[in-house]
Amino acid sequence: MVSDKNSKIWFLGRSYDEYIKMFSLNKEELKNIRILDCAAGASSFTSHLLRKGYDIKAVDILYNKNPEEIKKQCQNDFNTLLDVHSGLDNKVNWKFFKNPENMIEQRIKVYKEFITDYSLYKGIKYIEGHLPSLPFNDNYFDLVLSSHLLFLYQDRLGYDFHRKSIEEMLRISSDEIRIYPIVKLRGEGSKSEFLSRIIKELCNLANFEIVKVDYKFRRGGDEMLKITKT
Ligand SMILES: C[S@@+](CC[C@H](N)C(=O)[O-])C[C@H]1O[C@@H](n2cnc3c(N)ncnc32)[C@H](O)[C@@H]1O
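> I would appreciate a short explanation of the overall build of the protein chain in the present structure.
A count of helical and extended segments in the protein chain gives seven helices and seven strands. Traced from its N-terminal end to its C-terminal end, the protein chain shows the element sequence α-α-β-α-β-α-α-β-β-α-β-α-β-β. In the protein chain, which comprises 230 residues, the proportion classed as buried is 36%. Excluding contacts between residues fewer than 6 apart, the proportion of contacts in the protein chain whose partners are at least 24 apart in sequence is 72%.

Right under this line is the structure:
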């Protein structure tokens with residue numbers, strides 16, 4: 001993974017409330033199903049649901065690291081995040097967060113919740129996995145969520161990675177996958193070019209639907225991809 005601030009993939013985490021909005025979820029539908037947060041980073045979605053007794057796991061390429069190493073990685077990323085987001089008022093919508101400082105404050109709260117839980121459940125609920133190959137059995141999960149990796153980082157990950165990753169998520173899911181966002185980074189709000197090609201090439205494996213969501217931070221980021229296995 002390259003690591004200058006313009007080309008790296010951030011190790012950051014969004015909150016439970018953001019996940020609920022980004023993926024148009026409701027608590028009731030999450031009960032009694034197996035959920036995977038794929039490329040979960042420092043999100044607190046998993047810790048929030050684990051505390052409430054839901055059946056959820058998180059997978060990420062960096063979950064081989066111990067909690068101290070992960071903490072350092074998060075702190076490094078926060079230091080550059082403020083720089084990157086200050087002055088982007090014309091590119092992002094500050095409705096959910098009031099301003100860059102408030103965003104960082106919330107992200108720090110989220111990562112602290114994540115670290116506490118990660119220290120307890122590393123290797124049990126937080127599993128190391130490298131897309132496009134995941135360490136889970138066929139059809140194991142009912143719902144696979146993936147936020148802020150695919151499509152967003154299309155310039156770094158390439159088309160084959162995207163196609164193989166979505167095929168892999170279909171393999172481990174018995175029912176549904178949701179991916180958010182479908183716009184590309186620094187694309188001025190335009191959708192990833194990979195989206196229509198993926199839908200065309202994988203339409204015999206699943207139904208693809210672009211769904212409006214009640215969450216918007218980056219320009220054009222009010223849609224997710226819902227994939228239902230046929
Ligand atoms: C921007 S973060 C998003 C984290 C979380 N999903 C969220 O929205 O808050 C992207 C995550 O993808 C992870 N990642 C990058 N490449 C990966 C791969 N090949 N397999 C699994 N995870 C990967 C990174 O370690 C990072 O945690």
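Here the narrative resumes.
> Would you explain the sheet that holds strand β4 (residues 141-147) in this entry?
The pairing of strands in a sheet happens through backbone hydrogen bonds and is either parallel or antiparallel. Pairing in this open sheet of seven strands is mixed, and the strands run β3-β2-β1-β4-β5-β7-β6 from one edge to the other. Strands at the two margins of the open sheet, each flanked by one partner only, are β3 (126-128) and β6 (206-212). When strand polarity is set aside, the average angle formed by the axes of neighbouring strands in this sheet is 20 degrees. Both strand β1 (residues 34-38) and strand β2 (residues 55-60) contribute to a ladder of five bridges, which runs parallel. Paired with Arg34 across the two strands is Asp55, which belongs to β2.

> I tried to follow the pairing of β1 on my own but got confused; where do I start?
Along any regular strand the residues' side chains alternate between the sheet's two faces. One crossover worth recording links β1 to the parallel β2 by way of helix α3 (residues 45-51), and it is right-handed. Alignment of β1 against β4, held across four bridges, turns out to be parallel. By the bridge assignment for β4, Ile35 is matched with Leu143.

> Explanation requested: the pairing of strand β7 (residues 223-229) in the structure shown.
In this structure, strand β5 (residues 173-180) lies alongside β7, joined through four bridges in antiparallel fashion. The residue bridging Ile177 from the neighbouring strand is Ile227, located in β7. Relative to β7, β6 is paired through seven bridges, and the arrangement is antiparallel. In the strand pairing of β7, Val211 is matched with Met224.

> Would you mind showing me how to read the packing of helix α6 (residues 154-172) against helix α7 (residues 194-202) here?
Put simply, α6 and α7 touch, their axes get as near as 10 Å, and they point 15 degrees apart. Judged on the interaxial angle alone, α7 and α6 are roughly parallel. Two packed elements cross with a definite hand, and for α6 against α7 that hand is right-handed. Note on element contacts: α7 touches α6 through Phe194, Arg197, Ile198, Glu201 and Leu202, opposite Gln154, Tyr159, His162, Arg163 and Ile166. A class-by-class count of the residues in the contact of α6 with α7 yields five nonpolar, two polar and three charged.

> Please clarify how the confidence of the model for the protein chain should be interpreted in this entry.
Low-pLDDT stretches of the model should not have their predicted coordinates read in fine detail. This prediction gives the protein chain a mean pLDDT of 90; 92% of its residues lie at or above 70. In the model, residues 1-5 has pLDDT below 50 throughout and makes seven contacts with residues more than four positions away in sequence or in other chains.

> Sorry, what's going on with the environment of Phe114 here?
Counting through the fold element by element, Phe114 comes out in helix α5 (residues 100-121). With residues up to four places along the chain from it excluded, the contact list for Phe114 reads Gly13, Ala42, Ser43, Ser44 and Ser47.

> Just checking my understanding: could you explain the nonpolar core for this structure?
General note: in soluble globular proteins, nonpolar side chains tend to be found buried as a group. Counting residues in each nonpolar core, the largest one holds 50 residues, and the members touching the most others are Cys38, Val144, Phe151, Ile179, Ile182 and Met224. Residues contacting Ile182, with those up to four places away along its chain left out, are Phe151, Lys191, Ser192, Leu195, Ile210, Glu223, Met224 and Leu225.

> Sorry, what's going on with the environment of Tyr126 here?
Checked against the element boundaries, Tyr126 lands in strand β3. What makes Tyr126 buried here is the crowd of 25 C-beta atoms within 10 Å. Put simply, Tyr126 and Thr46 are 80 residues apart on the chain and 8.8 Å apart in space, counted from C-alpha to C-alpha. In this structure Tyr126 touches Ala58, Tyr63, Tyr118 and Tyr121, once residues within four positions along its chain are discounted.

> Got a minute to help me understand α7 in this structure?
Since one α-helical turn is 3.6 residues long, residues separated by three or four positions face the same way. Those residues of α7 not exposed but buried are Phe194, Leu195 and Ile198. Buried positions in α7, seen along its axis, are confined to an arc of 100 degrees and lie on one side of it. Residues of α7 that are exposed and point over 90 degrees away from its buried face: Ser196 and Lys200. Structurally, α7 contributes buried residues whose contacts are with α6.

About the thresholds
- Residues numbered from 1 in each chain as written.
- Predicted model: local features only at pLDDT ≥ 70, side-chain atom pairs only at ≥ 80, totals over all residues.
- Helix = DSSP H or I, 4+ residues; strand = E, 2+ residues; numbered from the N terminus.
- Buried ≥ 20, exposed ≤ 12 C-beta atoms within 10 Å, placed from the backbone.
- Contact = placed C-beta atoms within 7 Å.
- Pairing = 2+ DSSP bridges.
- Axes fitted to C-alpha atoms, helices over the stretch in contact; angles between N-to-C directions.
- Right-handed = clockwise from strand over helix to strand, strands pointing away.
- Parallel < 35°, antiparallel > 145°, perpendicular 65-115°, else oblique.
- Left-handed = near helix turned anticlockwise from the far one by under 90°.
- Nonpolar A, V, L, I, M, F, W, Y, C, P; charged D, E, K, R; others polar.
- pLDDT = per-residue confidence, 0-100.
- Core = buried A, V, L, I, M, F, W, Y, C linked by C-beta atoms within 7 Å.
- Arc of directions from axis to C-beta.

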